[in-house]
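Each chain, letter by letter, is given below.
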Amino acid sequence: MDVLAPVILIVTILFIGRAIKVVPQQSAWVVERLGKYHGTLSPGLNFLIPFIDRLAYRHSLKEIPLDVPSQVCITRDNTQLKVDGILYFQVTDPMRASYGSSDYVMAITQLAQTTLRSVIGKMELDRTFEEREMINAAVVSALDEAALTWGVKVLRYEIKDLTPPAEILHAMQQQITAEREKRALIAASEGRKQEQINIATGERESFIARSEGEKQAQINQAQGEAAAIAAVADATAEAIRKIAAAIEQPGGAQAVQLKVAEKAVDAYAQLAQKNNTMIVPGHMGEVAGLIGTAMALMRGGAAGPAAQSSSAASRPGNSTSV
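Structural notes, computed from the coordinates. These figures come from a predicted structure and were not determined experimentally.

**Some points on the overall build of the protein**
Working step 1: The number of helices and strands found in the protein is 9 helices and 8 strands.
Working step 2: Taking as baseline every contact in the protein between residues at least 6 positions apart, the subset at least 24 positions apart corresponds to 63%.
Working step 3: Surface accessibility of the protein: about 21900 Å² in total, with carbon and sulfur atoms responsible for 58%.

Pasting the structure below:
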């Protein structure tokens, strides 16, 4: 009995250890009963039949990153391109992941490489750098369709690096440098063009402003001269009206005659002081006639025929008196 007790204890512990299984969260364990798929254990406490049921496969249901080894791909324009990437997948069906493929990780890796070579082979070198998103989407679509039978869901694929040969890379750098120099020259020429346009526009606007200023100055000058002429004319008319009104007053005619006579005498007095040539009347009676004529004009024809007869009497050949 003392020998059987430890044996029974060991068997009991083994029995309990094989019968009770605790599955972690985000894990799935596949159970086989007598060599045949029996079921999948969910997270938590599970019970098995010892020595009849066994744990065949253990799968993680988390998202798994898989590094796809780099490989050399040939583009459509026969250029070698070294490409490497990373793949993200998740086990969605533990039973298919266990029995659909002997090694679904290797199957996904190989399929990703072959699909990538096929996609890049349809594109030219320049497009491979511009169409990364399209390449990633094409690889994911091809892998996801094939991985359904493996119980795996391909979530996404990302290209980590695209490395062309050294000579191709050098040529691309030269092309980029030339393109940048071209853009710089175009920008400089556009700047000079805009500068000339701005200068021409400024000169045109300046010329228009000067011409408008000169035009306005001439208008203002003409308006000023017209106003001055009108003012002089108004003043002259007002003076004439006042003289005419004064003549109509008592003694006005005699005062005008005296004033005209004084002007005439002053004019004759200046002849002796200046070397001027002047035609003068032959008789002083003609001077009186001129005075009478001026008086008649200033009266505005008020004297009538009497003034005309007086003027006729003072013409040459008639008796004159001062």
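**Examining the pattern of salt bridges**
Working step 1: Tallying each qualifying case throughout the model produces 8 salt bridges.
Working step 2: For Glu179, the salt bridge identified is with Arg183, shortest N-O distance 4.0 Å. Here Arg183 and Glu179 lie together in helix H6 (residues 166–247), a separation of 4 residues that amounts to about one turn.
Working step 3: A relative accessible area of 36% places Glu179 in the partly exposed class.

**Considering the sheet that holds strand S2 (residues 27–33)**
Working step 1: The strand order across the open sheet formed by 3 strands is S3-S2-S5, and the pairing between neighbours is antiparallel. Sheet topology places strand S3 (36–41) and strand S5 (53–60) at the edges, where each strand pairs with a single neighbour. When strand polarity is set aside, the average angle formed by the axes of neighbouring strands in this sheet is 25°.

**Some points on unusual backbone geometry**
Working step 1: For Gln26, which is not glycine, the phi dihedral falls at a positive 60°.
Working step 2: In this fold, Gln26 is placed in the loop between strand S1 (20–23) and S2.

**Side note on the nonpolar core**
Working step 1: One finds Val83, Leu87, Tyr104, Ile108, Leu116 and Tyr157 to be the most contacted residues of the largest nonpolar core, which totals 30 residues.
Working step 2: Examining the composition of this core, we find that 7 residues originate from one element, helix H3 (residues 104–121), more than from any other.
Working step 3: Residue contacts for Leu87: discarding those within four places in its chain leaves Ile64, Pro65, Leu66, Val68, Ile108, Leu143, Val154, Arg156 and Tyr157.
Working step 4: Among the nonpolar cores identified, the runner-up in size contains 6 residues, and Val23, Trp29, Leu48 and Leu55 belong to it.

**Topic: the sheet that holds strand S6 (residues 64–74)**
Working step 1: Reading across the sheet, the 3 strands line up as S6-S7-S8 and stay open at both edges, with antiparallel pairing between neighbours. Strands at the two margins of the open sheet, each flanked by one partner only, are S6 and strand S8 (152–163). Neighbour to neighbour, the strand axes of the sheet diverge by 25° on average, direction disregarded.
Working step 2: As paired strands, strand S7 (residues 80–91) and S8 are joined by 10 bridges and run antiparallel to one another. Note that in S8 the partner of Lys82 across the bridge is Thr163.
Working step 3: Along the sheet, H3 contacts S6, S7 and S8; its crossing angle with S6, the most-contacted strand, is approximately 40°.
Working step 4: With respect to the sheet, helix H5 (residues 132–147) is in contact with S7 and S8, its orientation differing from that of S8 by roughly 145°.

**Points about a negative patch on the surface**
Working step 1: A surface patch of negative charge is lined by Asp77, Glu124, Asp126 and Glu130.
Working step 2: Within the secondary structure, Glu124 sits in the loop between H3 and helix H4 (125–130).

**Some details on the side chain of Glu32**
Working step 1: Secondary-structure assignment places Glu32 in strand S2.
Working step 2: A polar side-chain atom of Glu32 sits 2.7 Å from a polar atom in the side chain of Tyr99.
Working step 3: Beyond its immediate chain neighbours, meaning those up to four positions away, Glu32 contacts Tyr37, His38, Ile52, Asp53, Arg54, Ala56, Tyr57 and Tyr99.

**Brief notes about a nonpolar patch on the surface**
Working step 1: On the surface, a cluster of nonpolar side chains totalling about 740 Å² of accessible area is made up of Phe15, Ile16, Ile20, Val22, Leu45, Phe47 and Phe51.
Working step 2: Listing elements by their share of the nonpolar patch, those giving two or more residues are helix H1 (4–19), S1 and strand S4 (44–47).
Working step 3: By the element assignment, Ile16 lies in helix H1.

**With respect to the packing of H3 against H5**
Working step 1: Contact geometry of H3 with H5 gives a least axis separation of 9 Å together with a crossing angle of 135°. The orientation of H3 with respect to H5, classified from their angle, is oblique. Here the hand of the crossing between H3 and H5 comes out right-handed. The segment H3 lies against H5, with Ile108, Leu111, Ala112, Thr115, Leu116, Val119 and Ile120 engaging Ile135, Ala138, Val139, Ala142, Leu143 and Ala146.
Working step 2: Its residues assigned to classes, the contact of H3 with H5 comprises 12 nonpolar, 1 polar and no charged.

**With respect to the environment of Leu155**
Working step 1: Note on placement: Leu155 falls in strand S8.
Working step 2: Separated by 12 residues in the primary sequence, Leu155 and Leu143 place their C-alpha atoms 9.5 Å from one another.
Working step 3: Among all residues touching Leu155, those that are not within four sequence positions of it are Glu63, Tyr88, Phe89, Gln90 and Val140.

**Topic: the packing of aromatic side chains**
Working step 1: On inspection of all chains with the given rule, the structure shows 3 aromatic pairs.
Working step 2: Centroid distance Tyr57 to Tyr99: 5.5 Å. Interplanar angle 85°. Geometry classified as edge-to-face. Highlighted residues: Tyr57 in strand S5 and Tyr99 in helix H2 (residues 94–99), separated in sequence by 42 residues.
Working step 3: When the ring of Phe89 is compared with that of Tyr104, the centres are 6.2 Å apart and the planes differ by 80°; the resulting orientation is edge-to-face. Residue Phe89 is found in strand S7, and its partner Tyr104 is found in helix H3; the two are separated by 15 residues along the sequence. By the burial criterion, Phe89 is buried, and Tyr104 matches it.
Working step 4: Here the aromatic residues Tyr37, Tyr57 and Tyr99 are joined through ring pairs into a cluster of three or more.
Working step 5: Seen from the ring of Trp29, Arg58 lies directly overhead, with NZ or CZ sitting 4.1 Å from the centre.
Working step 6: The residue whose ring lies beneath Arg156 is Tyr88, and the NZ or CZ to ring-centre distance is 4.4 Å.

Criteria and thresholds
Residues numbered from 1 in each chain as written. Predicted model: local features only at pLDDT ≥ 70, side-chain atom pairs only at ≥ 80, totals over all residues. Heavy atoms only, no water. Helix = DSSP H or I, 4+ residues; strand = E, 2+ residues; numbered from the N terminus. Contact = heavy atoms within 4.5 Å. Areas by Shrake-Rupley, 256 points an atom, 1.4 Å probe, with all protein chains shown as cover. Salt bridge = Lys/Arg side-chain N within 4 Å of Asp/Glu carboxyl O. Buried < 20%, exposed > 50% of the residue type's maximum accessible area, 1.4 Å probe, protein only. Pairing = 2+ DSSP bridges. Axes fitted to C-alpha atoms, helices over the stretch in contact; angles between N-to-C directions. Core = buried A, V, L, I, M, F, W, Y, C linked by side-chain atoms within 4.5 Å. Patch = residues over 30% accessible without salt bridge, like charges linked within 9 Å, V, L, I, M, F, W, Y side chains within 5 Å. Lys, Arg positive; Asp, Glu negative; His and termini not counted. Charge placed at Lys NZ, Arg CZ, Asp CG, Glu CD. Polar contact = N/O pair within 3.5 Å; in protein donor to acceptor, adjacent residues only side chain to side chain. Parallel < 35°, antiparallel > 145°, perpendicular 65-115°, else oblique. Left-handed = near helix turned anticlockwise from the far one by under 90°. Nonpolar A, V, L, I, M, F, W, Y, C, P; charged D, E, K, R; others polar. Phe/Tyr/Trp six-rings, centres within 6.5 Å; stacked < 30°, edge-to-face > 60°. Lys NZ or Arg CZ within 6 Å of the ring centre and 35° of its normal.

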